[in-house]
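Residue-level structure breakdown
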Amino acid sequence: MLTANEPLSASILAIMYVGDVVFAVSGALNAARHRMDVLGFVLIGTITGIGGGTTRDLLMGRTVWWTQDPFELLLCVGAALLTFFFIKTDISTRKWMIWSDAVGLACFGVVGCHVALAFGVSFVVAVFLGMVTATGGGVIRDTMTQTRPMILCGEVYATAALVGSLGYAVLAQFTLPEGVAELLAFLAAFALRAAAILFNIRMGPPGEFIRIGDPAGKSKN
């Protein structure tokens, strides 16, 4: 297992940077739907990208990583700015936001759990913090844009993050080539979230554990 001060591996860094970019794009697309200006894009995009990891670090009592190395902060700002300048002005669907969010969710479920394990927390706490890392940025984004958070809408959202985080925590106990555990856990989380998007799978209230399809016959996208 990594020590708290050991640098992150190349595979984890790659997943983390991908997660930063796609989450920042997801936040910027949400800003576009609310017709925000360029600073709104940057604010919402950046908070979406770094919000979950910031929450994780604060809960662990760990120095928030981007205050020591602002590279990821700048990466999120850049992704949000590019989205502002290249996105169409008429955002009529949530399709791209939802799919970019799905990729970010899967990335950060793995990264968050890895960082927590490296910091020395217990297995159960690391899995929980992986889920927090994956969902935190999206919750902050939706709250700031006065959108009902997907985590509160019955979406298979936190569940997909939990699958990725738990999958990585379990696979990390085995002797696997570098990157294999990360990739398998990422694919598991993304596959579950993608299935939920494609087939409109939702978790129901008591008495309706799971629902597949749209009873009204309308697509949410």
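This text follows the structure it describes.
Residues numbered from 1 in each chain as written. Predicted model: local features only at pLDDT ≥ 70, side-chain atom pairs only at ≥ 80, totals over all residues. Heavy atoms only, no water.

Re the pattern of salt bridges
Per the stated rule, a full pass over the model turns up six salt bridges. Residues Arg141 and Asp101 are paired through a salt bridge, measuring 2.8 Å at the closest nitrogen-oxygen approach. Separated by 40 residues along the polypeptide, Arg141 in helix α5 (residues 123-144) and Asp101 in helix α4 (residues 95-119) bring together distant segments of the chain. For the residue pair Arg141 and Asp101, the accessibility class agrees, reading buried in each case. Residue Arg202 is joined to Glu155 by a salt bridge in which the shortest nitrogen-to-oxygen separation is 3.5 Å. Remark: Glu155 occurs in the loop between α5 and α6 (158-171) and Arg202 occurs in strand β1 (residues 201-203); sequence separation between them is 47 residues. Taken individually, Arg202 and Glu155 each receive the classification buried, so the pair is uniform in this respect. (Salt bridge = Lys/Arg side-chain N within 4 Å of Asp/Glu carboxyl O. Helix = DSSP H or I, 4+ residues; strand = E, 2+ residues; numbered from the N terminus. Buried < 20%, exposed > 50% of the residue type's maximum accessible area, 1.4 Å probe, protein only.)

Focus on the state of the cysteines
Applying the stated criterion across every chain yields a total of zero disulfides. Cys76 takes part in no disulfide bond, and the closest cysteine sulfur, belonging to Cys107, lies 12 Å away. We classify Cys76 as buried; its relative accessible area is 0%. The cysteine Cys113 is free of any disulfide, with Cys107 supplying the nearest cysteine sulfur at 14 Å. (Disulfide = S-S within 2.5 Å.)

Remember that the coordinates give geometry; whether it matters functionally is a separate question.
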